[in-house]
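Analysis of the macromolecular model
In case you want the letters, here they are:
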Amino acid sequence: MASTMTGGQHDTARRWRRHVARRHPYRRGFPAPYALPAGFAALFAVGTVAAALNGRFPAAGVLACSAVIVTAVSALSTAPAAAPLAVIGWLTVIGFSQPPYADLRPTGGTAAAAAITMAACAAGGAVAGLLFRYWPTRVTLESVDQQKESGINLRRQLTGAALAVAGLPLLTVLLATMRPHLNLSDDLLIYLVAVVAVTVVGGFWPAVFAAIAASLLLNWYFTEPLHTFTIAEPKNLLALVLFVTVAVAVSSVVHLAARRQADAARSAKETASLLGLAQTVLGGADTPADVLDHLTTTHGGRAELLERVSGRWIRVAASGTADPAGTVIRFEVRPDLALEVRGQAATATAALLAGYTAQAVAALDRARLRTQAAQAEALAEGNRMRTALLAAVSHDLRTPLASIKASVSSLRQTDVRWTPEDEADLLANIEQNADRLDALVGNLLDMSRLQTGSLAPFLRAIAVDEVAPVALRGLDDADQLRIVVPDDLPLVRADPGLLERVLANLFSNALRHSPPEVPPALLAREDGDRVVLEVVDHGNGVQGELKERIFEPFLRLDDRPSGVGLGLAVAKGFAEAMGGTIVALDTPGGGLTVRVTLPAVTSEVRAVLGAGQ
């Protein structure tokens with residue numbers, strides 16, 4: 001735990017140790033439902049042996065044996081079991097120290113000495129057990145909720161105690177009026193049923209009280225001689241001993257069943273909560289914020305995932321609301337990561353919160369791994385881009401530069417006289433290769449804008465037949481491409497500069513692959529709220545499996561020396577940046593059709609420039 005924890009944060013230790021104690025329950029001592037039946041049986045066994053020996057077992061021996069049993073069981077069990085053990089030990093001593101046996105004598109020197117001895121033994125055993133179990137691990141800070149541990153709330157316990165206080169006297173009156181028709185065995189069974197009823201309603205401790213009270217009532221009203229605590233016949237003594245032992249044992253079984261039922265219900269709720277969390281994570285909502293949102297939505301309160309950075313706790317994710325003055329519980333799964341929660345409902349147990357902590361930390365690790373993977377992928381893509389650029393510079397850019405340099409050097413020669421036709425050819429070659437360089441550099445710059453994410457389209461309503469003629473400027477054989485735009489074609493929402501670059505690259509590709517006798521064309525049409533532009537050529541076309549790949553950067557499907565394979569990649573990136581789509585299709589009769597779809601502008605304004613150019 002951090003050294004700067006507040007008083008509220010120290011509750012983390014209590015909750016976490018309670019979780020550990022649940023995994024190792026006997027570190028807290030044997031529960032009373034286990035310990036008391038064993039202790040009662042041992043004490044009654046001492047009394048039975050003393051009565052059977054009829055004076056040969058001295059009073060000091062009964063006191064010593066009872067003291068040993070009370071001390072040992074108190075030390076091994078939980079603290080609440082000490083008081084009932086002391087009472088039963090005292091009754092054993094005063095009832096079986098001397099004849100007549102089972103005649104309880106609550107006054108006198110023997111009773112006083114037995115009371116002091118039993119109280120001291122029970123207290124000493126309980127304290128020794130606490131020190132032995134809790135001091136080395138500081139588990140004395142535990143604060144276990146009784147309702148969660150017993151499975152029976154305080155209201156039911158009080159109801160059971162009231163049923164015992166009111167019901168046993170009424171039952172005694174009823175059985176006393178029917179004494180001629182019943183024997184002691186019948187009375188024992190009826191009282192046993194009453195004790196079980198008290199157990200079902202109120203749990204273990206009201207049942208212990210009911211069992212002791214019922215045994216005393218049986219002794220006083222139904223065991224000869226009547227109205228005394230003396231038991232004349234040893235078999236009646238054995239019956240009462242067995243009655244108390246069986247009553248406490250049955251009460252223990254019923255109590256443990258209720259506790260197991262409560263544990264099972266709590267485990268079912270925890271399982272359902274964790275199952276919902278797992279479904280959330282598997283559904284794709286696997287960020288730390290999603291995990292914390294699920295926690296606060298299911299169990300309320302507020303949750304914060306903290307990370308230690310340079311000695312300070314920094315909030316990574318948070319969810320929910322709670323009283324700022326509420327108790328803060330912190331779970332630290334790693335020295336640098338912790339989950340702080342406050343204001344959760346009682347269903348948020350320590351084990352459940354520990355599970356949410358582990359899931360939140362795992363979600364944080366996954367998110368960071370995804371970020372690192374994306375960064376690594378971006379670096380790899382950048383490396384691939386640089387490699388391709390180097391290849392382009394080494395060949396595609398050097399070729400037109402070499403041609404320009406050769407033409408300029410030829411024109412500058414003083415020892416050669418060029419005819420006007422030769423000079424025109426050389427200048428045309430310079431212009432053509434300069435245009436090629438301009439297109440190559442433009443595509444490289446456009447692709448770099450796409451790769452770096454610096455592209456910011458300025459969308460507005462424009463006419464296709466205004467942009468298409470501009471896109472043809474500077475292209476070889478531009479006059480061969482036909483532009484077919486209907487007069488009533490709606491305007492499109494696009495960036496004029498980006499749309500020009502899209503069409504220029506598609507036109508260049510179509511002109512390069514179309515045969516002279518069948519020129520390419522731009523066909524435009526309206527399709528609902530979209531405008532479809534198709535650049536059609538009648539070349540060799542592209543095989544089906546390659547139609548998706550032709551839009552990848554630096555991909556060239558032929559051996560032609562011109563271009564670096566960026567035109568279609570740039571066209572795809574710009575079209576999608578404007579909210580459109582681009583696909584490659586087969587041209588009927590052979591060739592390739594690239595279809596660009598852009599959003600239409602809802603307006604009465606239509607294209608009015610000449611169509612069918």
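Above: the structure in question.
No experiment lies behind these values; they were computed from the predicted model shown.

So, about the sheet that holds strand β3 (residues 329–334). Pairing in this open sheet of 4 strands is antiparallel, and the strands run β2-β1-β4-β3 from one edge to the other. Since the sheet does not close on itself, it has two edges, and those belong to β2 (312–320) and β3, each with one partner. If you compare each strand with its neighbour and ignore which way they point, the axes differ by 20° on average. Bridge count for strand β1 (residues 302–309) against β2 is 8 bridges, and the pairing is antiparallel. In the strand pairing of β2, Glu307 is matched with Ile314.

To continue, consider the packing of aromatic side chains. Scanning the entire structure with this criterion turns up 2 aromatic pairs. With 6.1 Å between their ring centres and 65° between their planes, Tyr191 and Phe222 make a pair best called edge-to-face. You can see Tyr191 sitting in helix α8 (residues 184–202) and its partner Phe222 sitting in helix α9 (residues 204–222), a full 31 residues away along the chain. Phe222 shares its class with Tyr191; the two are buried. Taking 6.4 Å as the distance between ring centres and 55° as the angle between the ring planes, the aromatic pair formed by Tyr221 and Phe222 counts as tilted. Residue classification places Tyr221 among the partly exposed positions, given a relative accessible area of 29%. Since its relative accessible area comes to 9%, Phe222 is described here as buried. The residue whose ring lies beneath Arg330 is Trp313, and the NZ or CZ to ring-centre distance is 4.9 Å. When the ring centre of Phe551 is taken as origin, the NZ or CZ atom of Lys572, which lies over that ring, is 5.6 Å away.

Within the span of helix α14 (residues 464–471), buried status applies to Val464, Asp465, Val467, Ala468 and Ala471. Along the axis of α14, the buried residues cluster in a sector spanning 160°; they form a single face.

Strands sit in the order β6-β8-β9-β11-β10 across an open sheet of 5 strands; the sheet is mixed. If you trace the sheet from one side to the other, it starts and ends with β6 (482–484) and β10 (581–586), each paired once. Each adjacent strand pair in this sheet contributes to an overall mean axis angle of 20°, direction not counted. Across 7 bridges, strand β9 (residues 530–536) lies against strand β11 (residues 592–599) in antiparallel orientation.

A cluster of like negative charges, contributed by Glu431, Asp435, Asp438, Asp476, Asp477 and Asp479, occupies part of the molecular surface. Mapped onto the elements of the fold, Asp479 is located in the loop between α14 and β6. The class of Asp479 is exposed, set by a relative accessible area of 70%.

Moving on: the pairing of β1. Taken across its 8 residues, β1 has 6 buried, putting it largely inside the fold. Here β1 folds back onto β2, and the loop between the two strands holds 2 residues, one of which, Ser310, carries a positive phi near 55°. Here β1 pairs with strand β4 (residues 337–342) via 6 bridges, running antiparallel. The residue of β4 that forms the bridge with Ala303 is Val341.

Another aspect to go through is the packing of helix α7 (residues 154–177) against α9. Put simply, α7 and α9 touch, their axes get as near as 10 Å, and they point 15° apart. The angle between the axes of α7 and α9 places the two elements in the roughly parallel class. Relative to α9, the crossing made by α7 is right-handed. Together, Gln157, Gly160, Ala161, Ala164, Val165, Leu168, Thr172, Leu175 and Ala176 of α7 and Pro206, Phe209, Ala210, Ala213, Ala214, Leu217, Tyr221 and Phe222 of α9 make up the contact between the two elements. Each residue belonging to the contact of α7 with α9 can be placed in one class, and the counts come to 14 nonpolar, 3 polar and no charged.

Okay, the pairing of strand β8 (residues 521–527) next. Sheet topology places β6 next to β8; 3 bridges connect them, and they run parallel. When the bridges of β8 are listed, Val484 appears paired with Leu523.

As a further point, take the nonpolar core. Judged by nonpolar contacts, the single largest core of 56 residues is most densely connected at Leu36, Phe40, Tyr191, Leu218 and Phe243. Within the residue set of this core, elements represented by two or more residues are α2 (32–53), α3 (59–76), α4 (82–96), α5 (109–134), α7, α8, α9 and α10 (234–282). Beyond its immediate sequence surroundings of up to four residues, Leu36 is in contact with Ala81, Pro84, Leu85, Phe204, Trp205, Val208 and Val248. Grouped together as the second largest cluster of nonpolar side chains are 43 residues, Leu511, Leu568, Val570 and Leu598 included.

This brings us to the environment of Ala571. Among the secondary structure elements, Ala571 is positioned in helix α16 (residues 567–577). Of the residues examined, Ala571 reaches a relative accessible area of 0% and is grouped as buried. Each C-alpha atom of the pair Ala571 and Phe551 lies 8.1 Å from the other, and the pair is 20 residues apart in sequence. When sequence neighbours within four positions are dropped, the list of residues in contact with Ala571 reads Val502, Asn505, Leu506 and Ile582.

Time to look at the packing of α8 against α9. Two elements in contact, α8 and α9, have axes whose closest approach is 8 Å; the angle formed by their N-to-C orientations is 160°. The angle between α8 and α9 places the two elements in the roughly antiparallel class. Here α8 and α9 pass one another in a crossing that is right-handed. Along its contact with α8, which presents Leu184, Asp187, Leu188, Tyr191, Val195, Val198, Thr199 and Gly202, the element α9 presents Phe204, Pro206, Ala207, Ala210, Ala211, Ala214, Leu217, Leu218 and Phe222.

Thresholds applied
- Residues numbered from 1 in each chain as written.
- Predicted model: local features only at pLDDT ≥ 70, side-chain atom pairs only at ≥ 80, totals over all residues.
- Heavy atoms only, no water.
- Pairing = 2+ DSSP bridges.
- Helix = DSSP H or I, 4+ residues; strand = E, 2+ residues; numbered from the N terminus.
- Axes fitted to C-alpha atoms, helices over the stretch in contact; angles between N-to-C directions.
- Phe/Tyr/Trp six-rings, centres within 6.5 Å; stacked < 30°, edge-to-face > 60°.
- Buried < 20%, exposed > 50% of the residue type's maximum accessible area, 1.4 Å probe, protein only.
- Lys NZ or Arg CZ within 6 Å of the ring centre and 35° of its normal.
- Arc of directions from axis to C-beta.
- Patch = residues over 30% accessible without salt bridge, like charges linked within 9 Å, V, L, I, M, F, W, Y side chains within 5 Å.
- Areas by Shrake-Rupley, 256 points an atom, 1.4 Å probe, with all protein chains shown as cover.
- Salt bridge = Lys/Arg side-chain N within 4 Å of Asp/Glu carboxyl O.
- Lys, Arg positive; Asp, Glu negative; His and termini not counted.
- Charge placed at Lys NZ, Arg CZ, Asp CG, Glu CD.
- Parallel < 35°, antiparallel > 145°, perpendicular 65-115°, else oblique.
- Left-handed = near helix turned anticlockwise from the far one by under 90°.
- Contact = heavy atoms within 4.5 Å.
- Nonpolar A, V, L, I, M, F, W, Y, C, P; charged D, E, K, R; others polar.
- Core = buried A, V, L, I, M, F, W, Y, C linked by side-chain atoms within 4.5 Å.

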